[in-house]
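Fold and contact review
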Amino acid sequence: MPKYTVHVRGEWLAVPCQMGTNTVRWLGKEAVRRYMKNKPDNGGFASVEEVKFCVRRCKGLGLLDHDDTLEDTLEDNEFVEVVIEGDVMSPDFIASKLEGVYLYSKYPEPEKYIYLDGNSLTTEDLVNLGKGLYKIKLTPEAEAKVRQSREVIERIVKEQTVVYGITTGFGKFARTVIPTSKLKELQVNLIRSHSAGVGKPLIPERSRMLLALRINILAKGYSGISLETLQQVIEAFNASCLPYIPEKGTVGASGDLAPLSHLALGLIGEGKMWSPKSGWADAKYVLQAHGLKPITLKPKEGLALINGTQMISSLGCEAVERASAIARQADIVSALTLEVLKGTTRAFDTDIHAVRAHRGQIEVAFRFRSLLDSDHHPSEIAESHRFCDRVQDAYTLRCCPQVHGVANDTIAFVKDIIMTEINSATDNPMVFAERGETISGGNFHGEYPAKALDYLSIGVHELAAISERRIERLCNPSLSELPAFLVTEGGLNSGFMIAHCTAAALVSENKALCHPSSVDSLSTSAATEDHVSMGGWAARKALKVIEHVEQVLAIELLAACQGIEFLRPLRTTTPLEKVYDLVRSVVRPWLKDRFMAPDIEAAHRLLVEQKVWEVAEPYIEKYRREHIPESRPVSPTAFSLDSLRMNKCVGTDHSDQEEL
């Protein structure tokens, strides 16, 4: 009996086929049926019949005709993918191999716009732009500033004034004056020569963020780009036409030249580009498919597109937002672990933390009080050991407010720097229309976001380090009073033995990744650029550290929920029971050993999508309202952004971004 391995929305399914005369359409429906069966909500579909899809080979990505028979089309055990209509092409197959791949699927084009003016973008906004939730427009004030700065450039060209990057070469060639007839060629050559990055391309979400952030900086009106060209860039963003941008190659000064050059290369119709409509293809064809024309660069415009810290800062925005999300949820996961290990709530007493008044520490202790046993939320588990002889808990339980707290404060500090950076002009030379001149400086230097993101890695890593120690306590029967490795029939079953090893491995990797990249510098451009930030690596490894933190906490979350199974029929507090129920909606208890990696990934997805926080937050805030009358929450990652949001968004409710 032939069988096929089918990829549906990130999951691999084995589909046997008894009849070779079955069609490709049958295979797609059967794979979707099996996918829906594995999902608590049927994958969001009422029935298989309502699902529209296309089927393609994994090798070569060729689309298959629905009416063709399987015996005529596929070999036994061949790998295929079912792409459900409306889904963006699976990132698993957006690889650096770019042989003509054209996948036509519907893209849920956003209807709402964010107005950019170069001054009011938030990290949340940029992440949402990366997700494709909004299109972009400029404010009238921004359009006016862009026009005024361009007038300065036009006058320089007309008067043949010698100005760096406009009428001269770049870097070491700054003293080489370029003839007026070759000024446009100068800008194109700049883009081509600087497109020298290597490595995998940025995924579409990160490419969108990078493009959106560059638009925001250009909207400030200090770059000298023409409004016509900037509008073309915005049209490309709104159509989700995303250039091929290798992730490696920037030293973080003079800005992120290589990745931004690849960004610009696609916009001028060269290199590769991706859109939901076309998949990967030559940039000129992707633009053409969306009714767009390649940009024709005018003097200074190539330099305007590539000079700045937007690669570091856009990835930094994602890092800050993901760090904020996992830091909040780390409190919930660790509170659940404390319940399972029968810890005491005494260490979270208000007075203890009032006399060491760090914002993050106070907030974390408050969250623990709101989740654990109290008159507000009684716990049968806590009541079962009320009169035990234990005086105090291990540091990994008792010191969560101190350890988690500084992680929260670190995130707040870094977010402040990143927020400033994404609304800063980082060009060179800068065009000051009110003075009618250009000035060369060093705003492109990435030291600020580089240092901040190195600090973020160090601060957030500790959430995984302490989590791994709690996993050890859950798995070790001499510390937990639970079965070894949280499973019955130990020996026959290994339970969480190797899941804990995975957590230890990730923590160890983080220790190496937390070595700061910004302490390094290599002289480039013939010693013209003789001190650089290495911020690109700081940003990329910060994201890797945060991903590891999420995965370690996912393992702890699973282990804590498994521990509860051995304490039944006792129940924990209402909010922690809700968290338990959420986990059990995607991962069943371990009665015996089974393939564990998918369960870890399911728990990881709950944390990435902030489902754990969404379940617990209403209880935390209700507790806040009832125990701290007429007060607002102390949120170490919240900022007063009202002034930044003015005139920015049309038809969009940002109330969820305000302080609670």
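These lines cover the structure that appears in this document, whether it is placed above or below. Remember, predicted model here, so these are calculated numbers, not experimental data. (Residues numbered from 1 in each chain as written. Predicted model: local features only at pLDDT ≥ 70, side-chain atom pairs only at ≥ 80, totals over all residues. Heavy atoms only, no water.)

Our next topic: the overall build of the protein. Per the secondary structure count, the protein includes 23 helices and 15 strands. Computed over C-alpha atoms, the radius of gyration of the protein comes to 27 Å, within 12% of the 26 Å expected from 2.2 N^0.38 for 660 residues, which places it in the range of a compact globule. With the C-alpha coordinates of the protein rotated into their principal frame, the extents come out at 85 × 75 × 45 Å. The proportion of buried residues among the 660 residues of the protein is 56%. Partitioning the contacts of the protein with sequence separation of at least 6, the portion at a separation of at least 24 is 75%. Charge separation in the protein, taken as the distance between the mean sites of 76 positive and 87 negative side-chain charges, equals 2 Å. (Helix = DSSP H or I, 4+ residues; strand = E, 2+ residues; numbered from the N terminus. Rg over C-alpha atoms; globule rule 2.2 N^0.38 Å. Buried < 20%, exposed > 50% of the residue type's maximum accessible area, 1.4 Å probe, protein only. Contact = heavy atoms within 4.5 Å. Lys, Arg positive; Asp, Glu negative; His and termini not counted. Charge placed at Lys NZ, Arg CZ, Asp CG, Glu CD.)

One way to put it is that helix α6 (residues 204-218) packs onto helix α8 (residues 257-267) with a least axis distance of 11 Å and a crossing angle of 90°. By the angle class used here, α6 and α8 are roughly perpendicular. Along its contact with α6, which presents L210, L211 and R214, the element α8 presents L260, L263 and L267. Residue composition of the contact of α6 with α8, grouped by class: five nonpolar, no polar and one charged. (Axes fitted to C-alpha atoms, helices over the stretch in contact; angles between N-to-C directions. Parallel < 35°, antiparallel > 145°, perpendicular 65-115°, else oblique. Nonpolar A, V, L, I, M, F, W, Y, C, P; charged D, E, K, R; others polar.)

Attention now goes to the environment of E235. Position of E235 among the secondary structure elements: in helix α7 (residues 227-238). In this structure the C-alpha to C-alpha distance between E235 and L292, which are 57 residues apart in sequence, comes to 7.7 Å.

The next point concerns the sheet that holds strand β9 (residues 242-243). Strand order in this open sheet of three strands is β9-β11-β12, and the pairing throughout is antiparallel. Two strands in the sheet have a free side with no partner beyond their single neighbour: β9 and β12 (279-282). Of the strand pairs in this sheet, β9 and strand β11 (residues 272-275) are connected by two bridges, and their pairing is antiparallel. Following the sheet pairing, P243 is matched in β11 by M273. (Pairing = 2+ DSSP bridges.)

This brings us to the layout of surface pockets. For the second largest pocket, the calculated volume is near 460 Å³. The wall of the second largest pocket is formed by 26 residues, among which A253, S254, L257, T524 and E529 lie closest to the centre. Looking at the lining of the second largest pocket, the elements with two or more residues in it are α5 (183-194), α8 and α10 (301-306). Here the residues of the lining of the second largest pocket are counted per class, giving twelve nonpolar, twelve polar and two charged. (1 Å grid on protein atoms, 1.4 Å probe; cavity = no way out; pocket = protein on both sides within 12 Å on 5 of 7 lines; lining within 4 Å. Points joined across faces, edges and corners; volume = space filled by probe spheres on them.)

Within the fold, R390 resides in the loop between α14 (380-384) and α15 (395-398). Not counting residues up to four positions away in its chain, the partners in contact with R390 are L341, K342, G343 and E481.

Another point: the packing of aromatic side chains. Counted according to the given criterion, the structure contains six aromatic pairs. Relative to Y455, the ring of F413 has its centre 5.6 Å away and its plane inclined at 70°; by these criteria the two rings are edge-to-face. Here Y455 lies in helix α17 (residues 447-475) and F413 lies in helix α16 (residues 400-421), a separation of 42 residues in the sequence. The ring of W613 has R328 sitting right over it, with the charged end atom 5.2 Å from the ring centre. Looking at R594, its charged tip hangs above the ring of W590, at a distance of 4.4 Å from the centre. (Phe/Tyr/Trp six-rings, centres within 6.5 Å; stacked < 30°, edge-to-face > 60°. Lys NZ or Arg CZ within 6 Å of the ring centre and 35° of its normal.)

Okay, the pattern of salt bridges next. Here the structure, examined in full by the defined rule, presents 35 salt bridges. The closest approach of N and O atoms between D67 and R25, which form a salt bridge, is 2.7 Å. Linking D67 in the loop between β4 (63-64) and α2 (70-73) with R25 in helix α1 (residues 24-37), this pair joins segments that are 42 residues apart in sequence. Classification of D67 by relative accessible area gives exposed; the value is 52%. On the accessibility criterion, R25 (32% relative accessible area) is partly exposed. (Salt bridge = Lys/Arg side-chain N within 4 Å of Asp/Glu carboxyl O.)

It is worth spelling out a negative patch on the surface at this point. On the surface, D65, D68, E71 and D72 cluster together into a negatively charged patch. Looking at the element boundaries, D65 is found in the loop between β4 and α2. (Patch = residues over 30% accessible without salt bridge, like charges linked within 9 Å, V, L, I, M, F, W, Y side chains within 5 Å. Areas by Shrake-Rupley, 256 points an atom, 1.4 Å probe, with all protein chains shown as cover.)

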